[in-house]
Amino acid sequence: MADRNRMLAKRKERREEESAETTKDAKEVKNEGQQAEQAVDKAETQSAEAAVANGQSEEFKVEPMELPPFEIISGDRIDPFAFKFQFKNVEYSSGRNKTYLCYLVDKPDGLLRGYLEDEHMGPHAEEAFFIQCLPDYEPAYKYTVTWYVSSSPCCACAAKIAEVLKARKTLKLSIFAARLFEWEETEIQAGLKALHAGGCKLRVMKPLDFSYTWDTFVENEDEPLNLWEDCKENYEYYQEKLAEILQ
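The structure displayed is predicted, hence computed values, not measured ones.

Undergrad: I would appreciate a short explanation of the overall build of the protein in the present structure.
TA: The secondary structure content of the protein amounts to 7 helices and 6 strands. Starting at the N terminus, the α and β elements of the protein follow one another as α-β-α-β-β-α-β-α-β-α-β-α-α. Looking at the protein residue by residue over its 247 residues, the buried ones come to 37%. Contacts spanning at least 24 positions in sequence make up 74% of the contacts within the protein whose residues lie at least 6 apart.

Okay, here's the thing in structure tokens:
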């Protein structure tokens, strides 16, 4: 009991530290945003004054800059810094607003390997996988698909994956997640249960899985992965929560 109390106290202290860091970062971003906004206002004023001086309309306006839409990023190997941040199995996951999906597909014509990255502004990586990586499905053949993802699927993705598994009887999917995404939400739990009931193998990534993913999917320059201090402890925490959800 004493060991467990110390562990819980340590976890609480770590969450408070991460929360404080996040608040500090948010203040810095806000200050930078205010400074940038002031700089834009000054530039617009100078442009308007210049336009008036040149005899142009006093209603001169700066045209808004059009930003390109967010897209799914795909590739062969992940940047090592991105991997260490996005796949870190911390409980308090502030700032980790992407999904990285590393995949292995054993199909009739060979083995397919790669990764997808989303921005949570359009299709999620889970949905994009079936569109970009496995668009052609032949019911006569067996497909074994393994995902190593930075976080477990949201409820919408879980529902879509369950539909795919129901329609594609010869496709077997295993999902190993570094973290559980909003696991306390009822809809998320229902989605994970639906996946499990649909034949999807769900498990939290073990320390060995992080090392394997690092070696297989990361541009690591032959450097080994140094696991963070609480990797095993956090794995056990998430695995316990997942077991409770799926029981």
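More follows now that the structure is in view.
Undergrad: Honestly, the side chain of serine 152 in this entry has me stumped. Any pointers?
TA: Positionally, serine 152 belongs in the loop between strand 4 (143-149) and helix 4 (155-167). Relative accessible area serves as the criterion here: at 5%, serine 152 is assigned to the buried category. A distance of 2.8 Å separates a polar side-chain atom of serine 152 from the backbone nitrogen of phenylalanine 181. Ignoring sequence-local partners within four residues, the contact set of serine 152 consists of Ala177, Arg179, Leu180, Phe181 and Leu192.

Undergrad: Would you take a moment to explain a positive patch on the surface for this structure?
TA: A contiguous patch of positive charge on the surface is contributed by Lys142, Lys166, Lys169 and Lys172. Residue placement: lysine 142 occurs in the loop between helix 3 (125-133) and strand 4. Residue classification places lysine 142 among the exposed positions, given a relative accessible area of 71%.

Undergrad: Help me understand the packing of helix 3 against helix 4 in this model?
TA: Packed helices, taken two at a time, are described by the angle their axes make and the gap between the axes. Following both chains from N to C, one finds helix 3 and helix 4 inclined at 30°, their axes separated by 9 Å at the closest point. By the angle between their axes, helix 3 is roughly parallel relative to helix 4. For the pair formed by helix 3 and helix 4, the contact residues are Glu126, Glu127 and Phe130 on the first element and Cys157, Lys160, Ile161 and Val164 on the second. Among the residues making up the contact of helix 3 with helix 4, the classes are represented as 4 nonpolar, no polar and 3 charged.

Undergrad: Explanation requested: the packing of helix 5 (residues 186-197) against helix 7 (residues 231-246) in the structure shown.
TA: Interhelical geometry of helix 5 versus helix 7 gives an angle of 75° and a closest axis separation of 9 Å. Looking at the two axes, helix 5 sits roughly perpendicular to helix 7. Contact residues: helix 5 offers Gln189, Leu192, Lys193 and His196, while helix 7 offers Leu242, Ile245 and Leu246.

Undergrad: Got a minute to help me understand a negative patch on the surface in this structure?
TA: The grouping of Asp79, Glu219, Glu221, Asp222 and Glu223 at the surface amounts to a negative patch. Looking at the secondary structure, you find glutamate 221 in the loop between helix 6 (207-217) and helix 7.

Undergrad: Explain the side chain of arginine 168 here, please?
TA: For arginine 168, the location among the structural elements is in the loop between helix 4 and strand 5 (171-177). Aspartate 136 is the oppositely charged side chain nearest to the buried, salt-bridge-free arginine 168, at an N-O distance of 8.0 Å. At a separation of 3.5 Å, a polar atom in the side chain of arginine 168 contacts the main-chain carbonyl oxygen of leucine 134.

Undergrad: Honestly, the pairing of strand 6 (residues 201-204) in this entry has me stumped. Any pointers?
TA: Remark: a regular strand shows side chains that alternate across the two faces of the sheet. Summarising the sheet, strand 5 and strand 6 pair through 4 bridges and their orientation is parallel. Opposite isoleucine 175, over in strand 6, you have leucine 202 as the bridge partner. Viewed along the sheet, the connection from strand 5 through helix 5 into strand 6 turns out right-handed.

Undergrad: I tried to follow the confidence of the model for the protein on my own but got confused; where do I start?
TA: Fine structural detail should not be taken from predicted coordinates in areas where pLDDT scores are low. In this model, the protein carries an average pLDDT of 78, and 68% of its residues clear a pLDDT of 70 or more. The low-confidence segment residues 19-70, where pLDDT is below 50, has 12 contacts with residues more than four positions distant or belonging to other chains.

Cut-offs and rules
- Residues numbered from 1 in each chain as written.
- Predicted model: local features only at pLDDT ≥ 70, side-chain atom pairs only at ≥ 80, totals over all residues.
- Heavy atoms only, no water.
- Helix = DSSP H or I, 4+ residues; strand = E, 2+ residues; numbered from the N terminus.
- Buried < 20%, exposed > 50% of the residue type's maximum accessible area, 1.4 Å probe, protein only.
- Contact = heavy atoms within 4.5 Å.
- Polar contact = N/O pair within 3.5 Å; in protein donor to acceptor, adjacent residues only side chain to side chain.
- Patch = residues over 30% accessible without salt bridge, like charges linked within 9 Å, V, L, I, M, F, W, Y side chains within 5 Å.
- Areas by Shrake-Rupley, 256 points an atom, 1.4 Å probe, with all protein chains shown as cover.
- Salt bridge = Lys/Arg side-chain N within 4 Å of Asp/Glu carboxyl O.
- Lys, Arg positive; Asp, Glu negative; His and termini not counted.
- Charge placed at Lys NZ, Arg CZ, Asp CG, Glu CD.
- Axes fitted to C-alpha atoms, helices over the stretch in contact; angles between N-to-C directions.
- Parallel < 35°, antiparallel > 145°, perpendicular 65-115°, else oblique.
- Nonpolar A, V, L, I, M, F, W, Y, C, P; charged D, E, K, R; others polar.
- Pairing = 2+ DSSP bridges.
- Right-handed = clockwise from strand over helix to strand, strands pointing away.
- pLDDT = per-residue confidence, 0-100.

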